[in-house]
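# Survey of secondary and tertiary structure
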Amino acid sequence: MSVLFFYIMRYKQMDPENPNNDRFVLSKSLSFVNVATGWLGEGLGVACGMAYTGKYFDKASYRVFCLIGGGESSEGSVWEAMAFASHHSLDNLVAIFDVNRLYHSGTLPLKHCTDVFQKRCEAFGWNTFVVDGRDVEALCQVFQQAAQVKSKPTAIVAKTFRGHGMPQVEDSENWHERPMPKERVDTIIKLIESQIQTKKKLDPKPPVEDSPQINIADIEMISPPAYNVGDMIATRKACGLALAKLGHANDRVVVLDGDSKNSTFCEVFKKEHPERFVECCIAEQNMVSVALGCATRGRTVTFVCTFAAFLSRAFDQIRLGAISQSNVNLIGSHCGVSIGEDGPSQMALEDLAMFRAVPNCTIFYPSDAISTEHAVLLAANTEGMCYIRTSRPATAVIYTVYENFEVGQAKVVRNGVNDKLTVVGAGVTLHEALAAADDLSKQEDISIRVIDLFTVKPLDAATIISNAKATGGQIITVEDHSSEGGIGEAVCAAVSMEPDILVHQLAVSGVPRSGRPSELLSMFGISARHIIMAVKCVLMN
């Protein structure tokens, strides 16, 4: 790190956020590190995102350096990132493996076998050097050589000894995270100071100022939504079309895909903006890490597209992205049992619970093509992490092109003066609620109010409470999600201080199965028929 910070890296010390600065990624959280990678295995993926942005989007001179612990290299996500960097020829990226023999609680399986690390890195297509990690001159030389390598990332396998130069501490076990005893500190500091051979002030070189000036604030679509009431279109398809449209509105919009582009419809974005489409293959953990890297320092408006169920694999990356206050946007399609025949492994039934637990995360759950396009635009302009939940089945457009949408504002889509209770839904269940309302009105002369949440977080508690009070204090929530952590629990929390409001929850319970969407909605009790039964039951009691 001394060699990097005072000899190799080019940056402005007093301006750590300067877009021209070289980047440094360490698996700890420091003021000059843009992303808190926290638990190990994520730093290299983030560095890949920074390097990809530098090479392909900014087309700038800055370089990215990532320090990786020897034990950290056991994480599979490290090797996902190694494959990504090689495939995309990130020659502005340098990864340093600190091979110091020791784990957190013992010794590494490979111990000091630097030749094995070298062979692994080379097998992944990296230019690789092996060096004594305590030899300043050797480090200077290999870092300078790395700067001359083209079309390949560089790995530096550095053999080091933990606690180097400290008597009875160097290369010893059980010192990880332990403070040095006070009575030994002065002696060790004096020993280190005695080895300093110069008093010369070391200043880093200034960066090459060739990063383009960009503006990603206040993005607006180039035209209103092109849908009519009654059109049948899946929100996943509307989302793909909206991303492509957003790409025309701002040339810093980028989309990352996890080999699902023909199902999430982000292939539309790829067709219209191929230079800003990043294929990350089936490696969701690394995909989210790369996205966090792309989004750092406000260089891009970054969207990640995959099946909602697959994002659970990357929850650690998502959680730490929130800690880093990243502005990354995640889109999860194929949510709930309504995906049908693809079966339970593809059905996200816990994603709302997952993202509701993420600090400062905005959750959009659009119900038609119009609201989906607005969700994409709002996410692009919203600070912090955003999640957009889209559905597989085609559903009717219910809003006009003139409808206004805001974060935290629900929509009352059906109401009357004689409404007996309020039904709250989103996505496919909103359409089931509207169908139930039609049948109840025609066949039973029962009028109910229907609310479209639009954003699950922040929840529009005021709208829910006021409408519940206007309809007898009774609410039925219906969701294509598990009852734990979903819409029902969110609404229950919102009205918990209201003594005269009762909430009845319809949600998916148990382990789902494959089947036709309509059959599964009925099997798991969230169809229009079950909403009608619930309404009658509530009113009878």
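Residues numbered from 1 in each chain as written. Predicted model: local features only at pLDDT ≥ 70, side-chain atom pairs only at ≥ 80, totals over all residues. Heavy atoms only, no water.

Named according to an unreviewed UniProt entry, the chain is transketolase originating from Balaenoptera acutorostrata. Turning to the chain, the UniProt annotation filed under Subunit (unreviewed entry) states: "Homodimer." Per UniProt, the chain carries the Sequence similarities (unreviewed entry) text "Belongs to the transketolase family." (UniProt positions renumbered as here; feature names shortened; annotations may be inferred.)

### Some points on the overall build of the chain
Helix and strand counts for the chain come out as 18 helices and 19 strands. Judged by the C-alpha coordinates and their principal axes, the chain covers about 90 × 50 × 40 Å. Pairs at least 24 apart in sequence give 76% of the contacts found in the chain among residues at least 6 apart. A total of about 23400 Å² of accessible surface is found on the chain, and carbon and sulfur atoms cover 51% of it. On the chain, the mean spot of the 50 positive side-chain charges and the mean spot of the 61 negative ones are 5 Å from each other. (Helix = DSSP H or I, 4+ residues; strand = E, 2+ residues; numbered from the N terminus. Contact = heavy atoms within 4.5 Å. Areas by Shrake-Rupley, 256 points an atom, 1.4 Å probe, with all protein chains shown as cover. Lys, Arg positive; Asp, Glu negative; His and termini not counted. Charge placed at Lys NZ, Arg CZ, Asp CG, Glu CD.)

### Remarks on the nonpolar core
Among the nonpolar cores identified, the biggest contains 75 residues, and Leu44, Leu93, Phe97 and Leu330 are the most heavily contacted of them. The leading source of residues in this core is helix α2 (residues 43-57), at eight residues. Apart from the residues lying within four places of it in its own chain, the contact partners of Phe97 are Ile68, Ser73, Val78, Trp79, Met82, Phe117, Cys121, Ala155, Ile156, Val157 and Ala158. Counting residues in hydrophobic clusters, the runner-up holds 33 residues, among them Ile233, Ala238, Leu243 and Val397. (Core = buried A, V, L, I, M, F, W, Y, C linked by side-chain atoms within 4.5 Å. Buried < 20%, exposed > 50% of the residue type's maximum accessible area, 1.4 Å probe, protein only.)

### Overview of the pattern of salt bridges
The tally for this structure, following the rule as stated, stands at 17 salt bridges. In this structure, Glu373 and Lys245 form a salt bridge, with 2.8 Å as the shortest nitrogen-oxygen distance. Separated by 128 residues along the polypeptide, Glu373 in helix α13 (residues 369-380) and Lys245 in helix α7 (residues 235-249) bring together distant segments of the chain. For the residue pair Glu373 and Lys245, the accessibility class agrees, reading buried in each case. With a shortest N-O distance of 2.9 Å, Lys411 and Glu403 are connected by a salt bridge. Three or more residues joined by partner-sharing salt bridges are found here, namely Asp58, Arg252 and Arg299. (Salt bridge = Lys/Arg side-chain N within 4 Å of Asp/Glu carboxyl O.)

### Some points on the UniProt feature "domain: Transketolase-like pyrimidine-binding" (unreviewed entry) in the chain
UniProt's feature table lists "domain: Transketolase-like pyrimidine-binding" (unreviewed entry) at residues 233-397, given in the numbering used throughout. Secondary structure within residues 233-397 divides into 39% helix and 20% strand; the distance between the first and last C-alpha atoms comes to 7 Å.

### Observations concerning the pairing of strand β2 (residues 64-69)
Where a strand is regular, its side chains alternate between the two sheet faces. Burial of β2 is extensive: five of the six residues sit out of reach of the surface. With four bridges joining them, strand β1 (residues 23-26) and β2 adopt parallel strand pairing. When the bridges of β2 are listed, Phe24 appears paired with Phe65. Pairing geometry for β2 and strand β3 (residues 93-99), over six bridges, is parallel. Counterpart to Ile68 in the pairing with β3 is Phe97. Regarding the hand of the β-α-β motif, the stretch spanning β2, helix α3 (residues 76-87) and β3 is right-handed. (Pairing = 2+ DSSP bridges. Right-handed = clockwise from strand over helix to strand, strands pointing away.)

### Digging into the domain arrangement of the chain
Annotation of the chain at the domain level lists domain 1 (1-194), domain 2 (231-397) and domain 3 (411-540). Each of domain 1 and domain 3 has a C-alpha centre, and the two are 52 Å apart. (Domains from an automatic or database assignment.)

### Quick word on the sheet that holds β3
With respect to topology, five strands assemble into an open sheet ordered β1-β2-β3-β5-β4, the strand pairing being parallel. Each edge of the sheet is formed by a strand with only one pairing partner; in this case those strands are β1 and β4 (127-132). Averaged over all neighbouring strand pairs, the angle between strand axes comes to 20 degrees, with direction disregarded. Sheet topology places β3 next to strand β5 (residues 154-159); six bridges connect them, and they run parallel. Among the inter-strand pairings, Val94 is bridged to a residue of β5, identified as Thr154. In the packing of helix α5 (residues 136-146) onto the sheet, contacts are made with β2, β3, β4 and β5, and the angle to β4 comes to roughly 170 degrees. (Axes fitted to C-alpha atoms, helices over the stretch in contact; angles between N-to-C directions.)

### Some words on the sheet that holds strand β9 (residues 301-307)
In space, the seven strands of this open sheet follow the order β8-β7-β9-β10-β12-β11-β17, with mixed pairing throughout. Of all strands in the sheet, those with a lone pairing partner are β8 (277-279) and β17 (454-457), marking the two edges. Going across the sheet, the axis of each strand differs from the next one's by a mean of 25 degrees, ignoring polarity. In this structure, strand β7 (residues 253-257) lies alongside β9, joined through five bridges in parallel fashion.

### Some thoughts on the state of the cysteines
Counting across every chain of the model gives zero disulfides. Sulfur of Cys537: no disulfide; nearest cysteine sulfur belongs to Cys492 and is 16 Å away. (Disulfide = S-S within 2.5 Å.)

### Side note on the packing of helix α14 (residues 428-444) against helix α18 (residues 528-540)
The interhelical angle for the contact between α14 and α18, taken along N-to-C directions, is 55 degrees, at an axis separation of 8 Å. With respect to their mutual orientation, α14 and α18 come out oblique. In terms of crossing hand, the pair formed by α14 and α18 is right-handed. Contacts between α14 and α18 involve Thr429, Glu432, Ala433, Ala435, Ala436, Asp439, Leu440 and Glu444 from the first element and Ala528, Ile531, Ile532, Val535 and Lys536 from the second. Each residue belonging to the contact of α14 with α18 can be placed in one class, and the counts come to eight nonpolar, one polar and four charged. (Parallel < 35°, antiparallel > 145°, perpendicular 65-115°, else oblique. Left-handed = near helix turned anticlockwise from the far one by under 90°. Nonpolar A, V, L, I, M, F, W, Y, C, P; charged D, E, K, R; others polar.)

### Observations concerning the packing of aromatic side chains
The relative placement of two aromatic rings is captured by the distance of their centres and the angle of their planes. By the definition in use, this model includes 14 aromatic pairs. Taken together, a centroid distance of 6.1 Å and an interplanar angle of 50 degrees make the contact between Phe97 and Phe117 tilted. Of the two residues, Phe97 sits in strand β3 while Phe117 sits in helix α4 (residues 114-123), which places them 20 residues apart along the sequence. According to the relative accessible area criterion, Phe117 is buried, its value standing at 1%. Judged by centre distance (5.0 Å) and plane angle (85 degrees), the rings of Tyr399 and Phe405 are edge-to-face. Its relative accessible area of 3% is what places Phe405 among the buried residues. Each member of the aromatic cluster is reached from another via a ring pair, and the members are Tyr52, Tyr56, Phe57 and Phe84. (Phe/Tyr/Trp six-rings, centres within 6.5 Å; stacked < 30°, edge-to-face > 60°.)

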